[in-house]
Amino acid sequence: VVIDSPSIVARDRITGTIIAVGKEANMMQGKTHENIKTTRPLKDGVIADFNAAELMIRELMKMIYPKKPLFPPSWRMVICIPSSITEVEKRAVRDSAEQAGAKEVYMIHEPMAAALGIGIDVEEPVGNMIIDIGGGTTDIAVISLGGIVKGKNLKVAGDRFNTDIISYVRNEFKLLIGEKSAEQIKIELSNVMPNNPPEESRVRGRDLVTGLPKEIILTEEDIHDAIHLSADSLFEAVKEVLESTPPEILSDIMTHGIYLSGGGALIKNLDVAFTEYLG
């Protein structure tokens, strides 16, 4: 891995030029003045801002070759896409990659890419189930013979959990926090089976009553209450996919278990909760 970067761009509102991409832009989020805007070119797993996506890919390419090489490389790009993507959205992904300078563009469904990354032989006549919990979407797929037998894509993933936390803190504590703070709290405290005693973390924001800065202490139980509805819809979706899976493949899944991937899979005890829920 040469670059591991979040999909976020900071640009000058007046000139439209890119100021920062990836980790640098992420650090600027929520801390910019009116002339700088941070945007996420991808929303719910698809391109929301075509120009920003193209500029982001160009900047990432520049990071790999900071000095312009004498013989420019012939770029071959493999891009992961959600399984529910439409032809129009697929075309937008291909166009932005080609505009950025890709000679060849290949698209692969996210759960299939995850299966290959884990080391599963996807061409075998063996059923495997993957739950890929990303930022914008969760992809649930049952894979066999190099294809997706049954699958479901839902817009409940890392970004939804962040929104749930922001809403919960606003409603319960009358405190306004930013997306970056919500993300940090999620990483520290998200646990589908809170410890006893639960872990705690401090969070700062703006008091909606007084308008002044305020600090509160959140626990794992608070974050559990914030995200449990979204997590429940995730469990239900996995159950739906299993209910429509052919029995021979179900037998394979019972033997091999289910694979969790993506950033959202790092929520503490998520694997234990899935095991208990699905048997």
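Residues numbered from 1 in each chain as written. Predicted model: local features only at pLDDT ≥ 70, side-chain atom pairs only at ≥ 80, totals over all residues. Heavy atoms only, no water.

**Digging into the overall build of the chain**
Using the following cut-off: Strands here mean DSSP runs of E at least two residues long; helices mean DSSP runs of H or I at least four residues long; both are numbered from the N terminus. Here the globule rule reads 2.2 Å times residues to the power 0.38, and the radius of gyration is calculated from C-alpha atoms. Note on exposure labels: buried denotes an accessible area under 20% of the residue type's maximum, exposed denotes more than 50%, and partly exposed covers the range between, all computed with a 1.4 Å probe on protein chains only. Two residues qualify as a contact provided that any one of their heavy atoms is within 4.5 Å of a heavy atom in the partner residue. Calculation of accessible area relied on Shrake-Rupley with a 1.4 Å probe; when residues are assessed, cover is drawn exclusively from the protein chains displayed. His is not counted here, nor are the chain ends, while Lys and Arg score as positive and Asp and Glu score as negative. The atom standing in for a charge is NZ when the residue is Lys, CZ when it is Arg, CG when it is Asp and CD when it is Glu.
Counting secondary structure elements, the chain contains nine helices and 14 strands. In terms of overall size, the chain behaves like a compact globule, its C-alpha atoms giving a radius of gyration of 21 Å where 279 residues would be expected to give roughly 19 Å. Overall, the chain is about 60 × 60 × 30 Å in size when its C-alpha atoms are taken along their principal axes. The buried share among the 279 residues of the chain stands at 38%. Considering only contacts within the chain whose residues lie at least 6 apart along the sequence, 58% involve residues at least 24 apart. Summed over all atoms, the accessible surface of the chain reaches about 15600 Å², with 52% contributed by carbon and sulfur. Between the centroid of the 30 positive side chains of the chain and the centroid of its 41 negative side chains there is a distance of 9 Å.

**Describing the pattern of salt bridges**
We apply this condition: Counted as salt bridges are all cases of a side-chain nitrogen of Lys or Arg within 4 Å of a carboxyl oxygen of Asp or Glu.
Applying the stated rule across the entire model yields twelve salt bridges. The partner of K152 in a salt bridge is E240, and the shortest N-O contact between them spans 3.3 Å. Here K152, found in strand β10 (residues 147-154), pairs with E240, found in helix α7 (residues 220-243); they are 88 residues apart in sequence, far enough to count as distant. D207 is paired through a salt bridge with K214; the nearest N and O atoms lie 3.7 Å apart. The class of K214 is partly exposed, set by a relative accessible area of 31%. Taken together, the salt bridges that share partners define one network made up of R202, R204 and E215.

**Some remarks on the sheet that holds strand β9 (residues 138-144)**
Definition in use: Strand pairing is defined by DSSP finding a minimum of two bridges between the two strands. Here an axis means a line fitted to C-alpha atoms, over the contact stretch when the element is a helix, while the angle between two N-to-C directions is reported on a 0 to 180 degree scale.
As summarised here, the arrangement of the four strands in space is β10-β9-β8-β14, forming an open sheet in which the pairing is mixed. Looking at the sheet topology across the chains shown, the edges are occupied by β10 and β14 (258-261). Put simply, the sheet's adjacent strands are angled 15° from each other on average, direction ignored. Bridge count for strand β8 (residues 128-133) against β9 is six bridges, and the pairing is antiparallel. Bridging across to β9, I130 finds its partner in A141.

**Points about the packing of helix α2 (residues 50-64) against helix α3 (residues 87-100)**
Our working definition: Under this scheme an angle from 65 to 115 degrees is roughly perpendicular, one under 35 degrees roughly parallel, and one over 145 degrees roughly antiparallel; angles in between are oblique. Crossing chirality is assigned from the near helix's rotation relative to the far helix, an anticlockwise turn below a right angle marking it left-handed and a clockwise turn marking it right-handed. Put simply, Ala, Val, Leu, Ile, Met, Phe, Trp, Tyr, Cys and Pro go in the nonpolar bin, Asp, Glu, Lys and Arg in the charged bin, and everything else, Gly too, in the polar bin.
Across the interface, α2 lies against α3 with an axial gap of 9 Å and an inter-helix angle of 45°. Classified by the angle between their axes, α2 and α3 sit oblique to one another. Crossing angle aside, the handedness with which α2 passes α3 is right-handed. The residues of α3 that touch α2, namely those facing F50, A53, E54, I57, R58 and M61, are A92, D95, S96, A97, Q99 and A100. The residue makeup of the contact of α2 with α3, split by class, is seven nonpolar, two polar and three charged.

**Things to note about the pairing of β10**
Side chains on a regular strand alternate between the two faces of the sheet. In terms of strand pairing, β9 meets β10 through seven bridges, oriented antiparallel. Paired with I140 across the two strands is K152, which belongs to β10. Between β9 and β10, which pair antiparallel in sequence order, lie two residues; one of them, L145, sits at a positive phi of approximately 50°.

**What about the packing of helix α5 (residues 158-173) against helix α6 (residues 179-189)?**
α6 packs onto α5 with a crossing angle of 105° between their chain directions and a minimal axis gap of 9 Å. Classified by the angle their axes make, α5 and α6 are roughly perpendicular. Where α5 approaches α6, its residues G158, F161, N162, I165 and I166 are matched on the opposing element by E179, A182, E183 and K186. Residue composition of the contact of α5 with α6, by class: four nonpolar, two polar and three charged.

**Brief notes about the nonpolar core**
This is how it is decided: Here, nonpolar core refers to any group of buried Ala, Val, Leu, Ile, Met, Phe, Trp, Tyr and Cys residues whose side-chain atoms link them within 4.5 Å.
Ranked by internal contacts, the top residues of the largest apolar core, which has 37 residues, are M129, I140, I165, I177 and L218. With nine residues, α7 is the single largest residue contributor to this core. Excluding its chain neighbours within four sequence positions, the residues that come into contact with I140 are M129, I130, I131, K150, G151, K152, L154, A237, V238 and V241. Listed in part, the 13 residues of the second largest apolar core include M61, W75, M77 and A102.

**Concerning the environment of G134**
Its location among the elements puts G134 in the loop between β8 and β9. The exposure class assigned to G134 is partly exposed, which follows from its relative accessible area of 24%. As a C-alpha pair, G134 and G45 span 89 residues in sequence and 8.4 Å in three-dimensional space.

Taken by themselves, the reported measurements are silent on function.
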